[in-house]
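Summary of structural features
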Amino acid sequence: MSLHTHFIPYLIVFLLSFPRYYSLPGISEASGYDASAGRANPWYPSTIQGRNFRSSKMGRSLAAVKTFNVNDYGAKGDGSTVLKAFNNAWKAACSSSQGSVLVVPKNKNYLLKPITFEGPCKSSIAVQIYGTLQASTDRSAYSKDLTRWLVFENVQNLAVEGGGTINGNGKIWWENSCKVNDDLSCKDAPTALTFYNCKNLVVKNLKIQNAQKMHVSFEKCVGVEVSGLTITAPADSPNTDGIHVTRTQNIQISSSVIGTGDDCISIVSGSQKVQATGITCGPGHGISIGSLGDANSEAHVSDVTVNGATLAGTPNGVRITTWQGGSGSASNIKFQNIEMHNVKNPIIIDQKYCDQDKPCKSQSRAVQVQYVLYQNIKGTSSSSEAIQIDCSEKFPCKGIVLQGIDLRVGGKAAKAECNNAKITEKGNVSPSCT
């Protein structure tokens, strides 16, 4: 082995001790790094909510960074099923006491049945996806769990990136959905990529497409940085949310392009300190908080900021939806610096949300919606009512602020319909609730 090959792992570890991102284009794919991708350091010493994202394990001196290539464990990358090879490669990388890199090589196509990459791992770990992961279209392969395809569970200090593609091959699931065919009974479908109970997590520079249901879900995670995702599915694909956030705290989503058949970003109960910036949305159902409080449940969402987004041709813009009969709150929410292009319902608060065949009964309880800012939201609506705020009589919305709003339809002023809400308007607001 050459001196160069011996020296590289020590150099990587040395650079990891500094609080900035380094790329080492001289490292070859044979060492587990893609020089053409222009990145070699798999971990990101970022700051989330003013907190150092890098753990103490990442900053300490390690003997070496070990690379685990799935091809070395029997994966051929020719479109054949490779579940055993990926399982074995993950187990080896996760059990390594040194910082490890699991590599999925570029220009390769790997067919995978449902798989869980489970921790805890002994050290920090990066998964570099340069090639393509394809979901099995055999629906019977999901018989043990219909809800998940690729899962990272109970892993700390994890980075998943590389510029490769994750393809859910969702068409077979969409065709068998009750939302497409009324004659079919409603059954669940897998989320393409799930992160469950992960801490200090980076997910960036991936193409995720044609999910069976949701594309990527963050569940019960803490300290998450998401950026550079391109998420695509047909506009008529059912329930294919782009990014789903549930029971997750301190998550930043940035610089991502999302076009699917459902919400571009959906944020539901248990989520706190969520930031989304630089989001392009469409097709899709917009950026949503909710629905909250279904089946008389208690729900809480707080400290959500969407700052900088462009939505085009979507049926909804930025919306908050809650079911009657629920409890809890949606509070401290900001929608700022958003462009709407031919969006049917640009601004919505709906405390009487009802997504079921039978009409929902009127109930006295409701999830409290409070302290919501809409600031610098401009563009065009495809419907006459650009602002719809319909709140509960018993639990009216409070602390709603409209500031610098300019939404038009067909070159003319749009309308606003606002009920049971305490609204303050600042600066120019068109249409106005008053």
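Quick caveat, the model's predicted, so the values are computed rather than measured.

Once that is clear, we can look at the overall build of the protein chain. Check the secondary structure of the protein chain and you find four helices and 31 strands. The buried share of the protein chain, taken over its 434 residues, is 51%. Here the contacts in the protein chain between residues at least 6 apart in sequence split such that 75% fall between residues at least 24 apart.

Our next topic: the state of the cysteines. Using the criterion set out here, one finds six disulfides in the structure. The disulfide bridge from Cys-354 ends at Cys-360, spanning 2.1 Å between sulfur atoms. Where Cys-354 bonds to Cys-360 through sulfur, the torsion about that S-S bond is close to 90 degrees, and the disulfide is right-handed. Since its relative accessible area comes to 27%, Cys-360 is described here as partly exposed. Just so you know, Cys-221 is unpaired, no disulfide at all, and the nearest cysteine sulfur is the one on Cys-198, 4.7 Å from it. For Cys-221, a relative accessible area of 0% puts it in the buried group.

Taking 1.5 Å as the rise per residue, helix H3 (residues 83-94) with twelve residues should run 16 Å; its terminal C-alpha atoms sit 16 Å apart, in good agreement. Buried within H3 we find Ala-85, Phe-86, Ala-89, Trp-90, Ala-93 and Cys-94. The arc enclosing the buried residues of H3, seen along the axis, measures out at 150 degrees, which places them on a common side. Structural note: H3 exposes Lys-84 and Lys-91 on the side pointing more than 90 degrees away from its buried face.

Evaluated as defined, the whole model comprises five salt bridges. Residues Glu-153 and Arg-148 are paired through a salt bridge, measuring 3.2 Å at the closest nitrogen-oxygen approach. One connected set of salt bridges, linked through shared partners, spans Asp-145, Arg-148 and Glu-153.

So, about the environment of Phe-86. The residue Phe-86 is located in helix H3 in this model. Using a relative accessible area of 2% as the deciding quantity, one classes Phe-86 as buried. For Phe-86 and Thr-116, which are 30 residues apart along the polypeptide, the C-alpha to C-alpha distance reads 9.9 Å. Setting aside anything within four residues of it in sequence, one finds Phe-86 in contact with Val-70, Ala-75, Val-104, Tyr-110, Leu-112, Ile-115, Phe-117 and Leu-133.

Further remarks concern the sheet that holds strand S27 (residues 385-390). Ordered by their spatial adjacency, eleven strands build an open sheet running S7-S10-S13-S15-S17-S19-S21-S23-S25-S27-S30, and the pairing between neighbours is parallel. Each end of this open sheet is capped by a strand with a single partner; those strands are strand S7 (115-118) and strand S30 (415-419). If you compare each strand with its neighbour and ignore which way they point, the axes differ by 15 degrees on average. Alignment of strand S17 (residues 243-246) against strand S19 (residues 265-267), held across three bridges, turns out to be parallel. Bridge assignment links Val-245 to a residue of S19, and that residue is Ile-267. Against the sheet, H3 touches S7 and strand S10 (148-153), its axis set at about 5 degrees to S7.

Right, let's get into the packing of aromatic side chains. This structure, assessed with the given rule, holds nine aromatic pairs. Judged by centre distance (5.4 Å) and plane angle (65 degrees), the ring pair of Trp-90 and Phe-117 falls under edge-to-face. Within this pair, whereas Trp-90 is found in helix H3, its partner Phe-117 is found in strand S7, the two being separated by 27 residues in sequence. Across the pair, Phe-117 and Trp-90 agree in class, each one buried. The interplanar angle of 20 degrees and the centroid separation of 5.4 Å between the aromatic rings of Phe-335 and Tyr-374 together place this pair among those described as stacked.

What the rule picks out here adds up to five cavities of 30 Å³ or more. Taken as a whole, the largest cavity holds about 80 Å³ of empty space. Forming the boundary of the largest cavity are Phe-86, Leu-102, Val-104, Phe-117, Val-127, Ile-129, Leu-133, Leu-150, Phe-152, Ile-166 and Leu-193. Those elements giving two or more residues to the lining of the largest cavity turn out to be strand S5 (99-104), strand S8 (125-129) and S10.

Core analysis: the largest hydrophobic core is formed by 95 residues, its most contacted members being Phe-86, Phe-195, Ile-243, Phe-335 and Tyr-374. Sequence-distant contacts of Phe-335, that is, excluding residues within four places in its chain, are made with Ile-289, Val-306, Val-318, Ile-320, Val-372, Leu-373, Tyr-374, Gln-375 and Ile-377.

Turning next to the pairing of strand S26 (residues 368-381). Note that strand S24 (residues 327-343) and S26 share eleven bridges and pair parallel. Counted as the bridge partner of Ile-338 is Ile-377 from S26. In terms of strand pairing, S26 meets strand S28 (residues 397-409) through nine bridges, oriented parallel. Each bridged residue has a counterpart across the sheet, and for Tyr-374 the counterpart in S28 is Leu-402.

Criteria and thresholds
- Residues numbered from 1 in each chain as written.
- Predicted model: local features only at pLDDT ≥ 70, side-chain atom pairs only at ≥ 80, totals over all residues.
- Heavy atoms only, no water.
- Helix = DSSP H or I, 4+ residues; strand = E, 2+ residues; numbered from the N terminus.
- Buried < 20%, exposed > 50% of the residue type's maximum accessible area, 1.4 Å probe, protein only.
- Contact = heavy atoms within 4.5 Å.
- Disulfide = S-S within 2.5 Å.
- Expected span 1.5 Å × (residues − 1).
- Arc of directions from axis to C-beta.
- Salt bridge = Lys/Arg side-chain N within 4 Å of Asp/Glu carboxyl O.
- Pairing = 2+ DSSP bridges.
- Axes fitted to C-alpha atoms, helices over the stretch in contact; angles between N-to-C directions.
- Phe/Tyr/Trp six-rings, centres within 6.5 Å; stacked < 30°, edge-to-face > 60°.
- 1 Å grid on protein atoms, 1.4 Å probe; cavity = no way out; pocket = protein on both sides within 12 Å on 5 of 7 lines; lining within 4 Å.
- Points joined across faces, edges and corners; volume = space filled by probe spheres on them.
- Core = buried A, V, L, I, M, F, W, Y, C linked by side-chain atoms within 4.5 Å.

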